[in-house]
Amino acid sequence: MANRYAGFTLIELMITVAVIAILASVALPAYSDYILRGKVAAGTQLLAEQKVRMEQYFAANRTYSGAPACTARRTEDNSFVIEGKKLDGTGDCTASTFTLRAASTDGKFLYTIDQQGTKQSKITQAGWAVSGTAGTGCWVVKRGQKCN
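Cut-offs and rules
- Residues numbered from 1 in each chain as written.
- Predicted model: local features only at pLDDT ≥ 70, side-chain atom pairs only at ≥ 80, totals over all residues.
- Heavy atoms only, no water.
- Buried < 20%, exposed > 50% of the residue type's maximum accessible area, 1.4 Å probe, protein only.
- Helix = DSSP H or I, 4+ residues; strand = E, 2+ residues; numbered from the N terminus.
- Pairing = 2+ DSSP bridges.
- pLDDT = per-residue confidence, 0-100.
- Core = buried A, V, L, I, M, F, W, Y, C linked by side-chain atoms within 4.5 Å.
- Contact = heavy atoms within 4.5 Å.

1. Regarding the pairing of strand β3 (residues 99-104)
Argument step 1. Most of β3 sits inside the fold, with six of its six residues counted as buried.
Argument step 2. Direction of pairing for strand β2 (residues 80-83) relative to β3: antiparallel, over a ladder of four bridges. Residue pairing across strands places Ile-82 opposite Ala-102, the latter belonging to β3.

2. Quick look at the confidence of the model for the protein chain
Argument step 1. Across the protein chain, the average pLDDT comes to 85, with 90% of residues at or above 70.
Argument step 2. For the protein chain, the element scoring lowest by mean pLDDT is strand β5 (residues 119-123), at 88; helix α1 (residues 10-61) scores highest, at 93.

3. Focus: the nonpolar core
Argument step 1. Counting residues in each nonpolar core, the largest one holds 25 residues, and the members touching the most others are Leu-47, Met-54, Phe-80, Phe-109 and Tyr-111.
Argument step 2. Sorting the residues of this core by element identifies α1, β2, β3 and β4 (109-114) as the ones contributing at least two each.
Argument step 3. The element best represented in this core is α1, accounting for six residues.
Argument step 4. In contact with Leu-47, not counting residues within four places along its chain, are Ile-82, Leu-100, Arg-101, Ala-102, Tyr-111, Thr-112, Ile-113 and Trp-139.

4. Brief notes about the side chain of Gln-125
Argument step 1. Looking at the element boundaries, Gln-125 is found in the segment after β5.
Argument step 2. Judged by relative accessible area, which is 17%, Gln-125 ranks as buried.
Argument step 3. Apart from the residues within four sequence positions on either side, Gln-125 is in contact with Leu-36, Lys-108 and Phe-109.

Listed below in structure tokens is the structure:
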């Protein structure tokens, strides 16, 4: 009667580890991208809300100057700061114009909108297609998205 050992062989264990490593190498980047898109969505949503507040202030006061929505605000997770500035960081809310900017705290995403509704994206995140001001006309909110 031969002794039978219960358990796994080294080969079976190595195959299992290799399969888990392959699955992890696919799942982790996808999950990271999913989390990043959620943060971007929160930033652009708050930026859009601030634009609505600017228009409400203008309707009541006939000026954008002094609007509370022009002051800095942060998303709940502190990943974006929304303030009354242009892409280059200059500007403020004047009587007849404004530009609101949503800047990620890591400096890789920058979105703007002005009183006419003109949107711009400036993204330096690795793997995203837009850099510089190539995102003029829309907000790029996911990898590979292009503006028309």
